[in-house]
Amino acid sequence: MGLVLKDCDWIVTQDPQRRILANASVRITDGRIEQVGRVNAASKDEVIDCRRKVLIPGLINTHTHLSMTLFRGYADDLELRDWLENKIWPLESRLTGDMCYQGALLGSLEMTRTGTTCFVDMYFHMEDVARAVDEAGLRAILSPGMIDKPDKTGTEHERQSTLKFLEYIHELHNPLLSFAVGPHAPYTCGPETLLWARDLAEKEDTLVNIHIAETRGEQAQFEKDGKGRVAEYLDRIGFLTNRVLAAHAVWLTKSEVKLFGQKGVRVSHSPVSNMKLASGGTAPVPEMWDAGVPVGLGTDGPASNNGLDMFDTMKMTALVHKNARWDPTIMNAQRVLDMATLDGARCIGREKELGSVEIGKRADLVLVDLRDPNLIPIHRKETVVSDLVYSANGQNVDTTIVDGRPLMVSRRFQKLDQDKIGEEVRSSIGQLIPQ
Ligand SMILES: [Zn+2]
C-alpha cells in the first residue's frame, strides 16, 4: 500500500533543474518517493487531496536546542553574555530530564506544525530529548552538549554522558535518529575535548556539532589569549575537518572562510538568533559560497528566536543579507530555499537521501495551503518560490510527512496531543520558575 499526494497545484521539486511541476502528484512507498508527476493511485493506496496546495521538500533546521522552548519569552532584549550567565544558565542548572522531554515534545509539535522534518539538536538530558523526538516521528541528529568543567572528573563525566547517549541511540533502533558529537564551543571546550570529539566523530562516522565565532567578543578573547583567530586556532590544533558543522560562523575573516572551504567545514546560519542577540555584523554567507562551504539554515534555540519556524528564518535570511550589502540580488528566494532544503541536507551529509522531491529519496514532504489569504494570488510558476520565501509563514503548512508517515494532515496532529503537551509544559515551567 502506498500514499499518494494527489493533484498538487505545484510541486517545487528542488531537483537539479529546480523544476516546478503544475498539477502533479507523488506516490510514496516504504518511506521513499516512488513516482513524481502523473500518478495513478492503486485501489489500496491512501490518498491525500492536494488541490490548492503546493508540495515542497521538508525543511531542514541545521541548528537548534529544542528543549529551550521552555524558555521562550523568558529573557528577551539582553546581550548574549548577560542572557546566558544571568538568565539561561541558572535555569538550565535546574532542568530535569522530564522537563527537557516536555520541552522537546513542544518543540517537535512546533516543527511539525511549521514544516520542518529534520533537525540538528544540541542540549542536555539528550536521552529524554531523543525519547520525545522518537514519539514525535521527526528525523533528527542529536548531540549531547559538552562543556569542560573546572575539574578533570567533571570533564570526564561529560565524555561518559556522550558515550552513554551514543549507546542509547543505538538501542532505540529508530533509523530516523542519529548521533553527532557536541562540544559546545572553542571557548567552553579546551583542545583535549575538541580532539576527543573529532576522534569520536571519525570513529562513529558522524558530525561534530559546535558553535564557532558567534560573537566578536569570542574572536577578541582568542586574540587576547594569544591564540589568534578562532578558525586558525582550530586548524592549528587539528580540529577542522569535513565532519565539523559550525553553528553561526558570524565573525570570520575572508581567510578563515577560505580555511573552512579548504577543510570542508559546513556552516549552519542562524540569522534570527544572531540579530536578536545583536551579534552584530552578518555572517559572510556569499563568501562562504565562493569558498565552496555548504551553508544550511538554523533557527537556534527558541529562547533566542523565539520560535522554530523555518519559513520565518528563510525570509529573514534573504532580508538581512540584502540589507547588509545594499544589494537586493545578493540572496534571492531560490538560493534561500536551497539553503533550507538541499544545502541543509549537504550540511548533514544526507544530500543523496533528503532535500528534494525526486524519485528514490526519502519521503520528507510538506504541503502548504494556498487557500490562506496571505498566499493569494500566486501569479505564475516563476513566482511560487518567492511566494514561499517572502509571503508564506509556518502557519500556512497544512500537512507534514516524514519518511512517508504523515505527522500532521489538514493541520491535525496525527501522533502528538497538542493540548496535553501544552498543559504539561505549563506545569514544568511552574516548577522551574515559581510565579
Ligand atoms: Zn546554538
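Note that the coordinates shown come from a computational prediction; the quantities given were computed from them, not determined experimentally. (Residues numbered from 1 in each chain as written. Predicted model: local features only at pLDDT ≥ 70, side-chain atom pairs only at ≥ 80, totals over all residues.)

A.B. asks: Just to check I follow, could you spell out the overall build of the protein for this structure?
C.D. replies: Counting its regular elements, the protein contains 15 helices and 18 strands. Over its C-alpha trace the protein gives a radius of gyration of 21 Å, about what one expects of a compact globule, namely 22 Å for 435 residues. With the principal axes as the frame, the protein shows a C-alpha extent of 65 × 45 × 45 Å. When burial is assessed residue by residue, the protein has 51% of its 435 residues classed as buried. (Helix = DSSP H or I, 4+ residues; strand = E, 2+ residues; numbered from the N terminus. Rg over C-alpha atoms; globule rule 2.2 N^0.38 Å. Buried ≥ 20, exposed ≤ 12 C-beta atoms within 10 Å, placed from the backbone.)

A.B. asks: I would appreciate a short explanation of the sheet that holds strand β14 (residues 295-297) in the present structure.
C.D. replies: Strand pairs in the sheet, formed through backbone hydrogen bonds, run parallel or antiparallel to each other. With parallel pairing, the 4 strands of this open sheet are ordered in space as β11-β12-β13-β14. Whereas interior strands pair on both sides, the edge strands pair on one side only; in this sheet they are β11 (208-212) and β14. Strand-to-strand twist in this sheet, taken as the mean axis angle between neighbours without regard to direction, amounts to 30°. When β11 meets strand β12 (residues 244-248), the two strands line up parallel, connected through 5 bridges. By the bridge assignment for β12, His211 is matched with Ala247. (Pairing = 2+ DSSP bridges. Axes fitted to C-alpha atoms, helices over the stretch in contact; angles between N-to-C directions.)

A.B. asks: What is the right way to look at helix α12 (residues 333-340) in this model?
C.D. replies: Working note: α-helix, 3.6 residues per turn, so residues spaced by three or four point in the same direction. Listed as buried for α12 are Val336, Leu337, Asp338, Met339 and Ala340. In this fold, the buried residues of α12 make contact with β6 (59-64), β14, α11 (310-325), α13 (342-347) and α14 (384-391). (Contact = placed C-beta atoms within 7 Å.)

A.B. asks: Honestly, helix α5 (residues 191-204) in this entry has me stumped. Any pointers?
C.D. replies: Over its 14 residues, α5 runs 20 Å from end to end, which matches the ideal 20 Å to within 8%, given 1.5 Å per residue. Buried residues of α5: Thr193, Leu194, Ala197, Arg198 and Ala201, and no others. Mapping the buried residues of α5 onto a view down its axis gives an arc of 140°, with all of them on the same face. Structural note: α5 exposes Asp199 and Lys203 on the side pointing more than 90 degrees away from its buried face. The secondary structure elements touched by the buried residues of α5 are β8 (139-146), α4 (152-172), β10 (182-183) and β11. At the C-terminal side of α5, Asp205 shows a positive phi close to 55°. (Expected span 1.5 Å × (residues − 1). Arc of directions from axis to C-beta.)

A.B. asks: Would you mind showing me how to read the pairing of β6 here?
C.D. replies: The side chains of a regular strand alternate between both faces of the sheet. Taking burial as the measure, the 6 residues of β6 include 6 buried ones, the bulk of the element. Pairing of β6 with strand β7 (residues 116-123), which is carried by 4 bridges, proceeds in the parallel orientation. Looking at the pairing, Leu59 lines up with Thr116 of β7.

A.B. asks: Help me out: how do you make sense of the packing of helix α2 (residues 97-113) against helix α15 (residues 418-432) in this one?
C.D. replies: Two measures define how a pair of helices packs: the angle their axes make with one another and the distance between the axes. For the pair α2 and α15, the least separation of the axes is 9 Å and the interaxial angle reads 140°. If you check the angle between α2 and α15, you find them oblique. In this structure, α2 meets α15 at a crossing whose hand is left-handed. Counted together, Met99, Gln102, Gly103, Leu105, Leu106 and Leu109 of α2 and Gln418, Ile421, Glu424, Val425, Ser428 and Leu432 of α15 form the full contact between these two elements. Along the lines of polarity and charge, the residues of the contact of α2 with α15 split into 7 nonpolar, 4 polar and 1 charged. (Parallel < 35°, antiparallel > 145°, perpendicular 65-115°, else oblique. Left-handed = near helix turned anticlockwise from the far one by under 90°. Nonpolar A, V, L, I, M, F, W, Y, C, P; charged D, E, K, R; others polar.)

A.B. asks: Honestly, the nonpolar core in this entry has me stumped. Any pointers?
C.D. replies: Ile11, Leu55 and Val129 are the most contacted members of the largest nonpolar core, which totals 127 residues. The element that contributes the greatest number of residues to this core is α2, accounting for 8 residues. Here this core spans two domains, and each of domain 1 (3-58 + 357-413) and domain 2 (59-347) adds at least three residues to it. Filtering out sequence-adjacent residues up to four positions away, Ile11 remains in contact with Ile20, Leu21, Ala24, Val26, Val36, Leu55 and Val357. (Core = buried A, V, L, I, M, F, W, Y, C linked by C-beta atoms within 7 Å. Domains from an automatic or database assignment.)

A.B. asks: Would you mind going over the domain arrangement of the protein with me for this structure?
C.D. replies: Frequently, the measure chosen for interface size is the accessible area removed from exposure when the parts meet. Taken domain by domain, the protein holds domain 1 (3-58 + 357-413) and domain 2 (59-347). Averaged C-alpha coordinates put domain 1 and domain 2 at centres separated by 28 Å. Of all the elements in the fold, those that place two or more residues in the side of domain 1 that touches domain 2 are α14, β16 (397-402) and β17 (405-409). Considering each element in turn, the side of domain 1 that touches domain 2 owes the most residues, 5 residues, to α14.

A.B. asks: Which parts of the structure should I look at to understand the pairing of strand β2 (residues 20-29)?
C.D. replies: Taken together, the 7 bridges between strand β1 (residues 3-12) and β2 define a ladder with antiparallel strand orientation. Residue pairing across strands places Trp10 opposite Ala22, the latter belonging to β2. Sheet analysis places β2 next to strand β3 (residues 32-37), joined by 5 bridges and oriented antiparallel. Residue pairing across strands places Ser25 opposite Gly37, the latter belonging to β3.

A.B. asks: How should the environment of Phe222 be read in this particular structure?
C.D. replies: Looking at where Phe222 falls in the secondary structure, it is placed in helix α6 (residues 216-224). For Phe222, a count of 20 C-beta atoms within 10 Å translates into the label buried. For the pair Phe222 and Ala140, spaced 82 residues apart in sequence, the C-alpha separation works out to 32 Å. In this structure, Phe222 is in contact with Lys227, Gly228, Arg229, Val230 and Tyr233, ignoring residues within four places of it in sequence.

A.B. asks: So what exactly am I meant to see when it comes to unusual backbone geometry here?
C.D. replies: Across the chain, the bulk of peptide bonds are trans and the bulk of non-glycine residues have phi less than zero. Along the chain, Asn305 connects to Asn306 via a cis peptide bond; the corresponding omega equals 10°. The residue Asn306 is located in the loop between β14 and α11 in this model. A cis amide bond links Ile376 with the next residue in sequence, Pro377, at an omega value of 0°. Phi is positive for Arg52, close to 60°, though the residue is something other than glycine. Accessibility expressed as a C-beta count within 10 Å gives 17 for Arg52, which makes it partly exposed. A positive phi angle, near 45°, is found at His125, a position not held by glycine. The buried category is assigned to His125, around which 21 C-beta atoms lie within 10 Å.

A.B. asks: Explain the packing of helix α3 (residues 126-136) against α4 to me, please; I cannot follow it from the model alone.
C.D. replies: Contact pair α3 / α4: the axes reach a minimum separation of 10 Å and the direction vectors enclose 20°. Put simply, α3 runs roughly parallel to α4. Crossing of α3 against α4: the hand is right-handed. Each of Met126, Glu127, Ala130 and Asp134 in α3 lies in contact with α4, whose residues at this interface are Phe165, Tyr168, Ile169 and Leu172.

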